[in-house]
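# Working through the structure, step by step
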Amino acid sequence: MKFPSRQLALESELFSWLPQINSQVGIFAIARFLSEVGTGFTMFYAPIFFVNQVGLSATSVGIALASASVLGIVGKIIGGSLADSPNWGRRRTLLLAAAISIIGSLVLAATNNFATLVIGRLICGLGMGFYWPASEAIVADASEVGNRRETFALTRVADHLGLAIGSVLAGFWVATTGFYRGLFVIDAISFMVFLIIVYGAINESYQPQLDEYPKKQHFASWMTALRDRRLLIYVAVNIIFTTYLSQINSTLPIYFKNFVNVGGDTPGFAATTISTLFSGYLALAIICQFPIAAALKNYSHTLALTISAILWAIGFSFIWVTTITPSHHLLWVTLALAVFALAMTSYTPFAASLVTDLAPESQRGVYFSINALCWAMGNFMGSLLGGWALDQSRIIVNNYWLCFALSFLITVGILQYLNRILVRD
């Protein structure tokens, strides 16, 4: 009779790190998962499609991918204010974001030239601009101080799981049909599903009194946030992190397809190999997200982010090794993506939790808008740099990854400075 009790105790201990989630967060996580399945169809294959199928240069594709950040910045600024407004709110902002993203995906599905690609990316950038501040604010509203990191980790698991499933299905889709444009149609359908779930099942998470939010508050909230020195230092380091992340989405797929020497006359991995690699990367991120959140729970935000920076450096070093070693490229790439998965899982929930702690409740939309602007800037810089580098000589391509590996010294330095500011305040 004692054995079942010990078993129950063991199970309780094993799953004690799972967050006690708000039901709205659970529903919202499902919506994000389904949306990210569609995003997974296009994330890793869009650059390959536009370079190898449409016939654009890597530089022009990098510019087009980076162009999403232009309207993305506008969307994030407006979206953050709308998310904090009692006359609009988080929920309506998400519905607007989904509607815009549907249009953007359909434009990309019809792309035949650089101009249409830029237009499609601009529309998608606007949609994502509205999406992220409201999305993160909803999760922050529903979280508590004691389980904030784990709650954000849950939504990241939903995101990564959706991306993993989507990228696997995309690999099979491309291998069996070769119809790349269908990937974008599926992405549009996933945004439609997200819109329906948010409309039917998600409640507005923030209900301020109208007299607490005068019209001038939009401007005042931004000025208050921009005077927050802690936030501005975080912005500097977060742009670096998001530049790292952008390499996985925009630069590495093309590098794996067109540059890695795997033997034979044609360089690069097969589409199914690339799909398997990125799916494994996302799968490891899913498996490790809660354990890492639990393991680093008692660490400061800055220490967790420092660990992430070191892991990013190791991952980029492994990619650099593929440029100088004559063999075992698949092994080094696999190791790099495994380290990148750990780097990402030690970055995203802790960064979001730090922003939540810095932001007053009535200004979470604006603070997360600024956080999302870091992503826009990082994606812009990363896509532009990556596209440029891959169109240069082999020596520049090779040293590109080494420069990213060494940049962690700057990242860690900024984090240490931020830590001193937070401790003093």
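Above this text you will find the structure in question.
The following refers to the structure shown. These figures come from a predicted structure and were not determined experimentally. (Residues numbered from 1 in each chain as written. Predicted model: local features only at pLDDT ≥ 70, side-chain atom pairs only at ≥ 80, totals over all residues. Heavy atoms only, no water.)

The subject of this paragraph is the environment of L34. Looking at where L34 falls in the secondary structure, it is placed in helix α2 (residues 23–43). On the basis of relative accessible area, L34 is assigned to the partly exposed category, the value being 30%. L34 sits 131 residues away from I165 along the chain, and the two C-alpha atoms are 9.8 Å apart. Beyond its immediate chain neighbours, meaning those up to four positions away, L34 contacts S190, V193 and I197. (Helix = DSSP H or I, 4+ residues; strand = E, 2+ residues; numbered from the N terminus. Buried < 20%, exposed > 50% of the residue type's maximum accessible area, 1.4 Å probe, protein only. Contact = heavy atoms within 4.5 Å.)

On the surface, I63, V70, F114, M377, F380, M381, L384 and L385 cluster together into a nonpolar patch covering about 610 Å² of accessible area. Listing elements by their share of the nonpolar patch, those giving two or more residues are α4 (58–84) and α15 (364–390). The element that contributes the greatest number of residues to the nonpolar patch is α15, accounting for five residues. Along the chain, the position of M377 falls in helix α15. Classification of M377 by relative accessible area gives partly exposed; the value is 34%. (Patch = residues over 30% accessible without salt bridge, like charges linked within 9 Å, V, L, I, M, F, W, Y side chains within 5 Å. Areas by Shrake-Rupley, 256 points an atom, 1.4 Å probe, with all protein chains shown as cover. Salt bridge = Lys/Arg side-chain N within 4 Å of Asp/Glu carboxyl O.)

Right, let's talk about the nonpolar core for a bit. In terms of nonpolar packing, the biggest core is built from 121 residues, with L252, Y255, F256, Y281, W312 and F340 touching the most fellow members. Here this core takes 14 residues from helix α10 (residues 229–258), the largest share from any one element. The contact partners of F340, leaving out residues within four places of it in the chain, are I248, L252, Y281, W312, G315, F316 and I319. (Core = buried A, V, L, I, M, F, W, Y, C linked by side-chain atoms within 4.5 Å.)

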